[in-house]
Amino acid sequence: MNLKNKVALVTGASRGIGKATAIALAKEGYSVVINYKNNAQEAREVLNLCNSYSQGNIVVQADISKEAAVINLFRTIKKTHPTLHVLVNNAGIFDEQDGTTNTRAFENIFRHNFLSHIIVIKHALRTMKRGKIINISSVHGKSGYGRPENAAYSSQKAALENYTVNLAKQLAPKILVNAVAPGRTVTSMWGKLNSHQQKKLGEAHLIKRMIKPEEIANAVIFLATNDAVCGEILSVDGGYMLGKIS
Ligand SMILES: NC(=O)c1ccc[n+]([C@@H]2O[C@H](COP(=O)([O-])OP(=O)(O)OC[C@H]3O[C@@H](n4cnc5c(N)ncnc54)[C@H](OP(=O)(O)O)[C@@H]3O)[C@@H](O)[C@H]2O)c1
């Protein structure tokens, strides 16, 4: 199939890693479905950027933590694109109230960052015949990493990585499932960072800087276009984990 005919859905593509991924996929010739929850204007700006590289791009609002919204999302996609070739499960939140015993934060994070991806995958598999699913995890998901004050976030990413491997076993060889585990990446998830704060956060990486969203997008493109990687969790962490081993 001509690459230009391929369709990719990126959840949470109005900002950050999702935005960079949508643009990178458009540069590869994919028609991109740009999903967002609240920021319609930013999503439309991403659409305009994608349109300068490829055709058939659309924006679809949907809160992917709600199954009814996901059903509508796929109904809308089907109007212009009969099938999907690449699914990037990227949308995610950070909960300021996160902590080891805050059950409300656990429910919130697991619904928005984990269950939401499973809901999207469930409905995507009704149209995907062959292709790639790429989940966006985090270095925090690795065993022994993360902080007690972000326990729900880390637990959810660990769950996502285990799920990724099991889904890969089930769907191969037709659909290859992998994940990317970013280190500290400059996005709005960190709030507004000045250059001093960025430098300080970047010190945790062996590369001594934060990671750019485009560098995570680049790893997604690798997984989207490679037909031999299956069930892999690809760390793009600037040596963060290596730096912890001494
Ligand atoms: N930044 C980092 O350092 C880092 C490191 C490791 C992993 N990650 C992971 O990378 C992914 C993207 O993070 P980011 O840093 O790019 O975050 P971000 O800048 O805060 O962007 C989050 C995106 O997700 C969307 N979103 C949130 N909840 C949604 C929902 N229920 N339905 C649909 N869209 C939703 C937002 O849409 P609206 O704009 O409409 O609200 C936005 O487009 C997340 O899974 C995160 O855990 C990030």
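Just above sits the structure.
Everything numeric here is computed off the predicted structure, so don't read it as measured data. Throughout this description, residue numbers start from 1 for each chain and increase along the sequence as written. Totals for whole chains, interfaces and linings use all residues, but because this is a predicted model, local features are given only for residues with pLDDT of at least 70 and pairs of side-chain atoms are given and counted only at 80 or more. Hydrogens and water molecules were not included; the side-chain quantities draw on all heavy atoms of the structure.

K.L.:
Now, about the pairing of strand β5 (residues 131-136): what can you tell me, with residues and values included?
P.N.:
Classification of residues uses two cut-offs on accessible area relative to the type maximum, computed with a 1.4 Å probe and protein chains only: under 20% is buried, over 50% is exposed, and between them is partly exposed. Strands are runs of DSSP state E lasting at least two residues, helices are runs of H or I lasting at least four, and both sets are numbered from the N terminus onward. In terms of burial, β5 is largely enclosed, as six of its six residues are buried. The two faces of β5 match: Gly 131, Ile 133 and Asn 135 on one face and Lys 132, Ile 134 and Ile 136 on the other face are all buried. Handedness is read with the strands pointing away from the viewer; a crossover is right-handed when the path from the first strand over the helix to the second is clockwise. Handedness of the crossover joining strand β4 (residues 86-89) and β5 through helix α4 (residues 103-124) is recorded here as right-handed.

K.L.:
Describe the sheet that holds β4, with residues and values.
P.N.:
Here seven strands make up an open sheet; going across it, the order is β3-β2-β1-β4-β5-β6-β7 and the pairing parallel. In this open sheet, the two edge strands, each paired with only one partner strand, are β3 (58-61) and β7 (233-236). With direction set aside, neighbouring strand axes in the sheet form an average angle of 20°. By the convention used here, strands pair only if DSSP detects at least 2 bridges between them. Bridge analysis of β4 against β5 gives four bridges, and the strand direction is parallel. Considered in β5, the bridge of Val 86 is made with Lys 132. Between two residues, a contact is recorded if the distance between any of their heavy atoms is within 4.5 Å. Helix axes are fitted only over the stretch in contact, all axes being lines through C-alpha atoms; the angle between N-to-C directions runs from 0 to 180 degrees. Contacting β1 (7-10), β4 and β5, α4 runs over the sheet at an angle of about 170° to β4. Packing against the sheet, helix α5 (residues 151-171) makes contact with β5, β6 (175-182) and β7, and its axis sits at approximately 160° to β6.

K.L.:
Describe the site of the ligand, and please don't skip the residues or the numbers.
P.N.:
Nearness of a residue to a molecule or strand requires only that one of the residue's heavy atoms be within 4 Å of it. What surrounds the ligand is a group of 32 residues, the closest being Ser 14, Asn 38, Tyr 153, Thr 187 and Ser 188. Within the backbone of Ile 17, a nitrogen or oxygen atom sits 2.8 Å from an oxygen atom of the ligand. Polar contact criterion, stated in full: a pair of N or O atoms within 3.5 Å, where within protein one must be able to donate a hydrogen and the other to accept it, and residues adjacent in sequence count only if both atoms are side-chain atoms. A distance of 3.1 Å is found between a nitrogen atom of the ligand and a backbone nitrogen or oxygen belonging to Ile 64. Calculation of accessible area relied on Shrake-Rupley with a 1.4 Å probe; when residues are assessed, cover is drawn exclusively from the protein chains displayed. If the ligand stood free it would expose 910 Å²; the protein chains cover 96% of that surface. When contributions to the shell around the ligand are tallied by element, the ones reaching two or more residues are α1 (16-27), β2 (31-36) and α5. Taken together, the residues that form the shell around the ligand break down as 12 nonpolar, 15 polar and five charged. Just so you know the grouping, Ala, Val, Leu, Ile, Met, Phe, Trp, Tyr, Cys and Pro go in nonpolar, Asp, Glu, Lys and Arg go in charged, and all remaining residues, Gly too, go in polar.

K.L.:
How would you sum up the packing of α1 against helix α2 (residues 40-51)? Please name residues and give values.
P.N.:
For any two helices packed against each other, the geometry is given by the interaxial angle and the distance between the axes. Contact geometry for α1 and α2: axes closest at 8 Å, N-to-C directions at 20°. As summarised for this structure, α1 and α2 are arranged roughly parallel, according to the angle between their axes. The chirality of how α1 crosses α2 is right-handed. Within the contact between the two elements, α1 uses Lys 19, Ala 22, Ile 23 and Ala 26 and α2 uses Val 46, Leu 49 and Cys 50. Considered class by class, the residues forming the contact of α1 with α2 number six nonpolar, no polar and one charged. Each angle is binned into one of four classes, with values under 35 degrees roughly parallel, values over 145 roughly antiparallel, values of 65 to 115 roughly perpendicular, and all other values oblique. Put simply, a crossing is left-handed when the front helix is turned counterclockwise from the back one by less than a right angle, and right-handed when it is turned clockwise.

K.L.:
Can you break down a nonpolar patch on the surface residue by residue, with the values?
P.N.:
A contiguous nonpolar surface patch, about 270 Å² in accessible area, is contributed by Phe 94, Met 189 and Trp 190. The class for Met 189 is partly exposed, based on a relative accessible area of 38%. Patch construction takes residues with relative accessible area above 30% that form no salt bridge. Like charges are linked within 9 Å, and nonpolar side chains (Val, Leu, Ile, Met, Phe, Trp, Tyr) are linked within 5 Å. Salt bridges are defined by distance alone: a side-chain nitrogen of Lys or Arg within 4 Å of a carboxyl oxygen of Asp or Glu.

K.L.:
So what about the side chain of His 123? Which residues, and what values?
P.N.:
As for its placement among the helices and strands, His 123 is situated in helix α4. Taking the relative accessible area as the measure of exposure, His 123 reaches 7% and is therefore buried. Engagement of the side chain of His 123 in a polar contact is seen with the side chain of Glu 67, the distance being 2.8 Å.

K.L.:
So what about the pattern of salt bridges? Which residues, and what values?
P.N.:
All chains considered together, the criterion is met by nine salt bridges. For Glu 161, the salt bridge is made with Lys 142, and the minimal N-O distance between the two is 3.1 Å. You can see Glu 161 sitting in helix α5 and its partner Lys 142 sitting in the loop between β5 and α5, a full 19 residues away along the chain. In this structure Glu 161 comes out as buried when scored by relative accessible area, which is 11%.

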